[in-house]
Amino acid sequence: MKKVLFSKKLDDKNIQRRDYLLNKFKKYVNLDSCDLLDIGCGNGRFATLFGSKIKSYTGIEPDEEYLKIAKETTPKDAKAEYFKGRAEKILLSKKFDVIFYGFSWHFIQDFDKAIKEAKRLLKKDGIIVIYEPSRETKKWANSKLTRGSEDFDEEMYNLKLLDLEKGRMNISKLSKHGFVIVEEEIDKGESPNLWIAKL
């Protein structure tokens, strides 16, 4: 199956997304000394967007093909490292200021395990940032999810909505593990939903 490649171009949309997220991060952490872990990094979109603006970027991804693409296409100034892994099992011991789920939270299979891993890897005063697609999204990176496209797949689309709802319902598990939601921006049309949590 052909991989869905997320745009890494520094176009207006990605610059706006990058600046929005970096402004959120810097309310809680110093960007110049920020070590960021991107869980479910795909083809490395956020390494390209964040990498030159923070101290270090580490991407975790279970799919080897995505990891290969990410390594081959990420600019050197992004200071990016990539490792195979999944949210529930991350073979790292380094601590991070920001643990970021960029459109990946809804793919998690075991939220309790994933949150325990995030907690283990989070620096004192660090943040978890969950950035998820809106149910109202009209144009998806995968054309099979975009109504009106030639290859629109109704079943796949409905499964995506179910996954998004499952992810959203499991945001509440953060509090079970001692986290507090300090910021949320949700249900704003097509804009992605955002949650920021701290211990």
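What you see is a predicted model, and the numbers here were worked out from it, not measured in a lab.

Time to look at unusual backbone geometry. Here Phe103, not a glycine, exhibits a phi torsion of approximately 65°, which is positive. Phi at Asp125 takes a positive value of approximately 70°, unusual for a residue other than glycine. One can find Asp125 in strand S5 (residues 122-132).

One pass over the structure, following the stated rule, counts 18 salt bridges. Here Lys68 and Glu72 are joined by a salt bridge, their closest N and O atoms 2.9 Å apart. Placement of the pair is Lys68 and Glu72 together in helix H3 (residues 64-73), with a separation of four residues, close to one helical turn. Under the relative-accessibility criterion, Glu72 is labelled exposed at 55%. With its nearest N and O atoms 3.1 Å apart, the salt bridge here joins Glu154 to Arg147. By relative accessible area, Glu154 is classed as partly exposed at 38%. Each of Asp35, Lys55, Lys94, Asp97 and Lys123 takes part in a single network of salt bridges with overlapping partners.

Membership of the largest hydrophobic core comes to 25 residues, with the highest contact counts inside it found for Phe25, Leu36, Phe46, Phe50, Val98 and Phe100. Secondary-structure elements contributing two or more residues to this core are helix H1 (12-25), helix H2 (45-50), H3, strand S4 (96-102), S5 and strand S7 (193-198). At four residues, the largest contribution of residues to this core is made by H2. Residues Ala87, Ile90, Trp105 and Leu121 belong to the second largest nonpolar core, which totals 24 residues.

Let us look at empty space enclosed by the protein. Enumeration according to the criterion identifies one cavity of 30 Å³ or more in this entry. Put simply, the largest cavity is a space of about 80 Å³. Forming the walls of the largest cavity are Trp105, Glu132, Pro133, Arg135, Leu164, Glu165, Gly167, Arg168, Ile171, Asn193 and Trp195. Those elements that place two or more of their residues in the lining of the largest cavity are helix H5 (154-169) and S7. Among the elements that line the lining of the largest cavity, the one with the most residues is H5, at four residues.

Taken residue by residue, H3 has Tyr66, Leu67, Ile69 and Ala70 as its buried positions. The arc enclosing the buried residues of H3, seen along the axis, measures out at 165°, which places them on a common side. Exposed and oriented more than 90 degrees from the buried face of H3 are Glu64, Lys68, Lys71 and Glu72. Residues of H3 that are buried sit in contact with strand S2 (56-61) and strand S3 (80-84). The N-cap of H3, judged by a side-chain oxygen 2.9 Å from the amide nitrogen of Glu65 a few residues on, is Asp63.

The strand order S3-S2-S1-S4-S5-S7-S6 describes an open sheet built from seven strands, whose pairing is mixed. Edge positions in the open sheet fall to S3 and strand S6 (180-185), since each of these has one partner strand only. For this sheet the average axis-to-axis angle between neighbouring strands, irrespective of direction, equals 20°. Across six bridges, the pairing between S4 and S5 is parallel. Note on S5: the bridge partner recorded for Phe100 is Val129.

Quick notes on the rules
- Residues numbered from 1 in each chain as written.
- Predicted model: local features only at pLDDT ≥ 70, side-chain atom pairs only at ≥ 80, totals over all residues.
- Heavy atoms only, no water.
- Helix = DSSP H or I, 4+ residues; strand = E, 2+ residues; numbered from the N terminus.
- Salt bridge = Lys/Arg side-chain N within 4 Å of Asp/Glu carboxyl O.
- Buried < 20%, exposed > 50% of the residue type's maximum accessible area, 1.4 Å probe, protein only.
- Core = buried A, V, L, I, M, F, W, Y, C linked by side-chain atoms within 4.5 Å.
- 1 Å grid on protein atoms, 1.4 Å probe; cavity = no way out; pocket = protein on both sides within 12 Å on 5 of 7 lines; lining within 4 Å.
- Points joined across faces, edges and corners; volume = space filled by probe spheres on them.
- Arc of directions from axis to C-beta.
- Contact = heavy atoms within 4.5 Å.
- Polar contact = N/O pair within 3.5 Å; in protein donor to acceptor, adjacent residues only side chain to side chain.
- Pairing = 2+ DSSP bridges.
- Axes fitted to C-alpha atoms, helices over the stretch in contact; angles between N-to-C directions.

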